[in-house]
Amino acid sequence: MEEGLRAECLLNISKISLYFENETDTAINYVRRYLNSSLNNSVTSEYAAYGILGDAYSNLGNYDSAFYYYDKSVGGNTDIYTLCDSYRHLYELAASKSD
């Protein structure tokens, strides 16, 4: 299997695990495998991976880690969808802290 395709599969499996099967730990595992591998060759996908980690840690109630990964998904990112999603989550976390 082509390396780039294998990398995208890891991210897609993490999304399915998190968003459809509610298996947060599995999702984190797949994202970490993606980020720690040589398969990670797309900057846009890397920022999306950080956003997925932000969602996962937010689901676990670990808001400091969620904030860290959402913030990391913003830096240098040019994908408008990932940027909008990450900024929305950063705003929601900041608003919940001020309550």
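Bear in mind the structure is a predicted one, so any value in this text is a computation, not a measurement. (Residues numbered from 1 in each chain as written. Predicted model: local features only at pLDDT ≥ 70, side-chain atom pairs only at ≥ 80, totals over all residues. Heavy atoms only, no water.)

Draft legend 1. Inspection of helix H5 (residues 80–98) at higher detail. In this model H5 runs 27 Å from its N-terminal to its C-terminal C-alpha over 19 residues, within 8% of the 27 Å that 1.5 Å per residue would give. What H5 keeps buried is the set Thr82, Leu83, Ser86, His89, Leu90 and Leu93. One side of H5 carries all its buried residues, which in axial view fall inside an arc of 135°. Turned more than 90 degrees off the buried face of H5, the exposed positions are Tyr81, Tyr91 and Ser98. (Helix = DSSP H or I, 4+ residues; strand = E, 2+ residues; numbered from the N terminus. Expected span 1.5 Å × (residues − 1). Buried < 20%, exposed > 50% of the residue type's maximum accessible area, 1.4 Å probe, protein only. Arc of directions from axis to C-beta.)

Draft legend 2. Molecular detail of helix H2 (residues 24–35). Between the first and last C-alpha of H2 there are 17 Å, a value that for twelve residues agrees with the 16 Å anticipated at 1.5 Å per step. Of all the positions in H2, only Thr24, Ala27, Ile28, Tyr30, Val31, Tyr34 and Leu35 are classed as buried. For H2, the angular spread of buried residues about the axis comes to 165°, placing them on one side.

Draft legend 3. Just the packing of aromatic side chains, in detail. Going through the model one piece at a time under the given rule, you end up with three aromatic pairs. Between Tyr50 and Tyr69, the ring centres sit 6.3 Å apart and the planes meet at 20°, which makes this aromatic pair stacked. Residue Tyr50 is found in helix H3 (residues 43–59), and its partner Tyr69 is found in helix H4 (residues 63–74); the two are separated by 19 residues along the sequence. Each member of the pair Tyr50 and Tyr69 is classed as buried. Between the aromatic rings of Tyr68 and Tyr69, the centroid separation amounts to 4.9 Å while the plane-to-plane angle is 80°, which identifies the pairing as edge-to-face. Put simply, the rings of Tyr50, Tyr57, Tyr68 and Tyr69 pair up and form one aromatic cluster. (Phe/Tyr/Trp six-rings, centres within 6.5 Å; stacked < 30°, edge-to-face > 60°.)

Draft legend 4. Expanded view of unusual backbone geometry. You will see that Asn22, though not glycine, has its phi angle at about 55°, which is positive. Within the secondary structure, Asn22 is located in the loop between helix H1 (3–20) and H2.

Draft legend 5. Inspection of the environment of Tyr63 at higher detail. Mapping Tyr63 onto the fold places it in helix H4. Owing to a relative accessible area of 43%, Tyr63 belongs among the partly exposed residues under this scheme. C-alpha of Tyr63 to C-alpha of Phe20: the two residues are 43 residues apart in sequence and 21 Å apart in space. Excluding residues that lie within four positions of it along the chain, Tyr63 makes contacts with Ser58 and Leu93. (Contact = heavy atoms within 4.5 Å.)

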